[in-house]
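A look at the structure
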Amino acid sequence: MLRLIVSDLTANARVWLGALLIAAAAATVGAMVASDIETALSAGGTTALALYGISGTIAALTVITALIVVGTVTTLTVTLQQRAYALWQLIGLTPARIRLIVTTQLLAVSLLGAVLGCAAALPILQPLYAYAFTGSPDLSALHPRFTLSGALPVILFVAVVITIGGSRAAGRAAHTPPIQSLREASLPARRMTPARWLTGSLAVAIIAAITASLPGSTSPAVPLTLIAPLTAGVLVSFGPLFLPGFVRAWTSVLPPTASAAWYLARNATATRGGATIGPLVVAVALAGGLFAADGASSQGSSTLTTGAVVLLIGGPLLLAVLGSVATIFMSSRRREREFALLVAAGGTPGLILLAAASEAVIYVGTALLLGLFSVAVTSVVGAWATHAWSWAGVMPSLTVAVASLLLVLTATVLPAYAGLRQRVTRVLAAE
Amino acid sequence: MPTPVSADTIGGMPVVEVENLTKSFPAADGGVVPVLRGITLQVAPGEFLAVVGPSGSGKSTLLYCMSGLEPATTGRVRVLGQDVGTASRGALAKLRRDHVGFIFQSYNLIPSLTARENVALPARLARRRVNPDDALAQVGLADRASYRPAALSGGQQQRVAIARVLAVRPDVVFADEPTGALDTESGTRVLDLLAGVARERSVVMVTHDLEAAARADRVLVLRDGAIHRELTHPHPDDVFAAVAGAS
């Protein structure tokens, strides 16, 4: 079995590297939270109180983001390999054995990624403290602590989220009839599962509870900050119900006859874009939500510094954008096949690059619209609670969308360009 | 560079001309593996040509070189008068879009598009108007137009691939093992459709199915990358005998 685990990890390196990257990124962000808490414990006094407050907010934002992004990437990791699991079934492996193999792979990759992520955090912590707490001499002079006892819970959290999330998907994949998996050329459509209903409903309940607690609150900024990412969580959870229709609806601004590239990108994104769009929605909501909450609670006298923004949402934001890019990287083999078919059908290199670029625009455009909705929910709730309407979330949302577009464009266009240099006949050969 | 012309307008001029074609691939030990060795052939307008031979004889490589998907190592390939070895990427794309159709063993439909959208795709790339529903009706799939490939059987997907060719009416169709993944009944249906296509345009089909090959106007038997036998309007037994002799 060990040989099968290792050979499969090697054969599907592109997919597993994406999962490893996300495990590492989640651990790096988690390490920052753990370091805040450890440093607070050792500092004591008012410094500790300040750090506890900050680390609580970061932890909440990180957990929401990690659950969405890591869950999405992990499920994709398993779904992309459904064909391999079907072949395993055909050679006599039982669904239980397949699930065990996949769970072992997930555990190994998540542990390795989490350890690497914690190690990567070590040289970042001191400069981050110095930069984030520039306005506070006491805090910026602190020497951040991050020991093994702080790292262990982070490693455990990352490993548990990835392994449990993937194991459920592996269970479903292992029980899918092999012939069905082998026949399906595309990824199975994302469906509403009990876990999605539960997560979405839970997020709605938390938003309602936060909203109910706001009137009369002396410090509404922190709970308000959580509303946008939680709303993003609701949208991602219920995505299979509305996302394909939503993408088709807004992308119809360009008629199908106007551009073949847009037409192709639109269909591809509506069908398989959920995994990439979800983390981007979270990224937009994090940035916009933070500023919208600050705008509503500070009533025009914002106290947010650049350092504070980096400290509060820098990690989760990075995780969300990396998660989105990772999903594109992981599924690029399927995209290569489609592009090869377009070449055979007479598509020019320009059309293929334009289709890849259009796909990036549609991913980010959809995420921006849904992210802005999440920010608007924050603004409405903030206005209701504080009687102050704020547009402060719009510009940060747009800024994150533009920055994400650059990264997502790179992730879609570069592989398309590299794919044009491959032999079409090899890509299109019968699998 | 000559401009491609429709086979309808060129009378007896070959649709595909292959002269002294060789093709080699790099080997793991740093050497080269010769796959095609000096092949010369022509495909006439409206001809149905089948290429058969043992595994590894170079059938699929010949098809890919003839269609310009794979560059020749030496020699020349012309499709509708255009040298595919010297044509730019853009010119090759235009040639494929306007004059060439492909049918692959693994169907190669775009999974995110419906059957109707897959059929209309090449025409959309060429900015031409076609009626995909007519083409789907011709292959007996009018009632499956809004289905995505995952919801269709293998035989139905291959019929969609043929409808895609029918819709754009190319001058030459290259088919690589079009019945290779199908059961007998679906395979026969696909062959009937291909034979119908060949009444109006040229078809070059690579196949392991010797009975299918016997339905062609001409059969080339390859052995070790070279033409071993050539049969015209053969009886299936002649094809069996020729391939047995090549093995």
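Residues numbered from 1 in each chain as written. Chains lettered and ligands numbered in written order. Predicted model: local features only at pLDDT ≥ 70, side-chain atom pairs only at ≥ 80, totals over all residues.

**So, the overall build of chain A**
A tally of regular secondary structure across chain A gives 18 helices and zero strands. Since a compact globule built from 431 residues should have a radius of gyration of about 22 Å, the 22 Å found for chain A is in line with a globular shape. Taking the principal axes of the C-alpha coordinates as reference, chain A spans close to 65 × 55 × 40 Å. For chain A, buried positions account for 52% of its 431 residues. The contacts in chain A between residues at least 6 apart in sequence include a share of 89% that link residues at least 24 apart. (Helix = DSSP H or I, 4+ residues; strand = E, 2+ residues; numbered from the N terminus. Rg over C-alpha atoms; globule rule 2.2 N^0.38 Å. Buried ≥ 20, exposed ≤ 12 C-beta atoms within 10 Å, placed from the backbone. Contact = placed C-beta atoms within 7 Å.)

**Thoughts on the overall build of chain B**
From N to C terminus, chain B includes eight helices and 10 strands. Its C-alpha radius of gyration of 18 Å places chain B within 12% of the 18 Å reference for a compact globule of 247 residues. Taken along its principal axes, the extent of the C-alpha atoms in chain B is 50 × 45 × 45 Å. Per-residue burial for chain B yields a buried fraction of 54% across its 247 residues. Within chain B, contacts between residues separated by at least 24 positions form 67% of all contacts whose residues are at least 6 apart in sequence.

**Here's the deal with helix α17 (residues 394–420) of chain A**
All names here are of chain A. Given a rise of 1.5 Å per residue, 27 residues ought to cover 39 Å, and the 38 Å separating the end C-alpha atoms of α17 matches this to within 8%. Taken together, the buried positions of α17 are Pro396, Ser397, Val400, Ala401, Ser404, Val408, Ala411, Thr412, Ala416 and Gly419. Lining the buried residues of α17 we find α13 (274–298), α14 (306–330), α15 (332–344) and α16 (349–386). (Expected span 1.5 Å × (residues − 1).)

**Concerning the sheet that holds strand β5 (residues 82–83) of chain B**
Taken in spatial order, the four strands of this open sheet run β2-β1-β4-β5 (chain B), and their pairing is antiparallel. Of all strands in the sheet, those with a lone pairing partner are β2 (32–43) and β5 of chain B, marking the two edges. (Pairing = 2+ DSSP bridges.)

**Some details on the interface of chain B and chain A**
Counting residues at the interface gives 26 residues for chain B, matched by 24 residues for chain A. Those elements that provide at least two residues to the side of chain B that touches chain A are α2 (89–99) and α3 (115–125) of chain B. Of all the elements, α2 of chain B adds the most residues to the side of chain B that touches chain A, at six residues. By residue class, the composition of the side of chain B that touches chain A is 14 nonpolar, five polar and seven charged. (Nonpolar A, V, L, I, M, F, W, Y, C, P; charged D, E, K, R; others polar.)

**A closer look at the domain arrangement of chain A**
Residue and element names in this part refer to chain A. The domains assigned to chain A are domain 1 (1–184) and domain 2 (187–431). Averaged C-alpha coordinates put domain 1 and domain 2 at centres separated by 20 Å. The interface is formed by 33 residues belonging to domain 1 together with 35 residues belonging to domain 2. Those elements giving two or more residues to the side of domain 1 that touches domain 2 turn out to be α2 (13–43), α3 (45–79) and α5 (95–132). For the side of domain 1 that touches domain 2, the element with the highest residue contribution is α3, accounting for 16 residues. (Domains from an automatic or database assignment.)

**So, the sheet that holds strand β9 (residues 218–223) of chain B**
Through backbone hydrogen bonds, the strands of a sheet pair up, either in parallel or in antiparallel fashion. Residues and elements named next belong to chain B. Strands sit in the order β6-β7-β8-β3-β9-β10 across an open sheet of six strands; the sheet is mixed. A strand with exactly one partner marks an edge of an open sheet, and here the two such strands are β6 (100–103) and β10 (226–232). Neighbour-to-neighbour, the strand axes of this sheet turn through a mean angle of 15°, independent of strand direction. Here strand β7 (residues 172–176) pairs with strand β8 (residues 202–206) via five bridges, running parallel. Looking across to β8, one finds that Asp176 is bridged to Val206. Across the sheet, helix α1 (residues 59–66) is in contact with β3 (48–52), β7, β8 and β9; its angle to β8 comes to roughly 150°. (Axes fitted to C-alpha atoms, helices over the stretch in contact; angles between N-to-C directions.)

**What about the pairing of β10 of chain B?**
Both faces of the sheet carry side chains from a regular strand, because those side chains alternate between them. Residue and element names in this part refer to chain B. Note: β9 against β10, six bridges, orientation antiparallel. Looking across to β10, one finds that Leu222 is bridged to Ile227. The antiparallel pairing of β9 with β10 creates a hairpin that spans two residues between the two strands, and Asp224 there sits at a positive phi of about 50°.

**Considerations on the environment of Met13 of chain B**
Residues and elements named next belong to chain B. Mapping Met13 onto the fold places it in the segment before β1 (16–26). Under the C-beta neighbour-count criterion, Met13 is labelled partly exposed, with 15 such atoms within 10 Å. Taking C-alpha positions, Met13 is 34 Å from Glu117, a pair spaced 104 residues apart along the chain.

**Thoughts on the pairing of β1 of chain B**
Residue and element names in this part refer to chain B. Where β1 lies against β2, eight bridges are found, and the strand directions are antiparallel. If you follow Pro26 over to β2, its bridge partner there is Val32. Count of turn residues in the β1/β2 antiparallel hairpin: five residues, of which Gly30 carries a positive phi of about 95°.

**Quick look at the environment of Arg124 of chain B**
Mapping Arg124 of chain B onto the fold places it in helix α3. What makes Arg124 of chain B buried here is the crowd of 21 C-beta atoms within 10 Å. Distance from Arg124 of chain B to Leu49 of chain B, taken between C-alpha atoms, is 29 Å for residues 75 residues apart in sequence. In this structure, Arg124 of chain B is in contact with Ala260 and Tyr263 of chain A, ignoring residues within four places of it in sequence.

**Considering the nonpolar core**
Residues Ile22, Ala23, Val158, Val281, Val284 and Leu286 of chain A together with Val204 of chain B are the most contacted members of the largest nonpolar core, which totals 221 residues. Broken down by element, this core gets its largest block of residues, 18 residues, from α2 of chain A. A domain-level breakdown of this core finds at least three residues from each of domain 1 (1–184) and domain 2 (187–431) of chain A. Look past the residues within four positions of Val158 of chain A in its chain and what remains in contact with it is Ala23, Ala26, Ala27, Gly30, Ser110, Gly113 and Ala114 of chain A. (Core = buried A, V, L, I, M, F, W, Y, C linked by C-beta atoms within 7 Å.)

**Considerations on unusual backbone geometry**
All names here are of chain B. Residues other than glycine seldom take positive phi values, yet Asn20 does so here, at roughly 45°. Note that Asn20 resides in strand β1. On the neighbour-count criterion, Asn20 (12 C-beta atoms within 10 Å) is exposed. One non-glycine residue, His233, lies in positive phi territory at about 40°.

**Details of α2 of chain B**
Every buried residue of α2 of chain B is listed here: Leu92, Ala93, Leu95, Arg96, Arg97 and His99 of chain B. Buried residues belonging to α2 of chain B abut α15 of chain A together with β4 (74–79), β5, β6, α3 and β7 of chain B.

**Focus on the confidence of the model for chain B**
Residue and element names in this part refer to chain B. Summarising the model, chain B shows a mean pLDDT of 86, and 95% of its residues fall at 70 or more. When pLDDT is averaged over each helix and strand of chain B, the minimum, 82, is found for helix α8 (residues 236–246) and the maximum, 95, for β4. Considering only residues more than four positions removed or in separate chains, one finds that residues 1–10, a stretch of pLDDT under 50, has 19 contacts. Scoring the predicted complex yields pTM 0.82 and, for the interface, ipTM 0.73. (pLDDT = per-residue confidence, 0-100.)

**Topic: the packing of α15 of chain A against α17 of chain A**
Residue and element names in this part refer to chain A. Contact pair α15 / α17: the axes reach a minimum separation of 10 Å and the direction vectors enclose 50°. It follows from the interaxial angle that α15 and α17 lie oblique. When you trace α15 past α17, the crossing you get is right-handed. Across from Ser332, Arg335, Glu336 and Phe339 in α15, the residues of α17 making contact are Pro415, Ala416 and Gly419. Per-class residue counts for the contact of α15 with α17 are three nonpolar, two polar and two charged. (Parallel < 35°, antiparallel > 145°, perpendicular 65-115°, else oblique. Left-handed = near helix turned anticlockwise from the far one by under 90°.)

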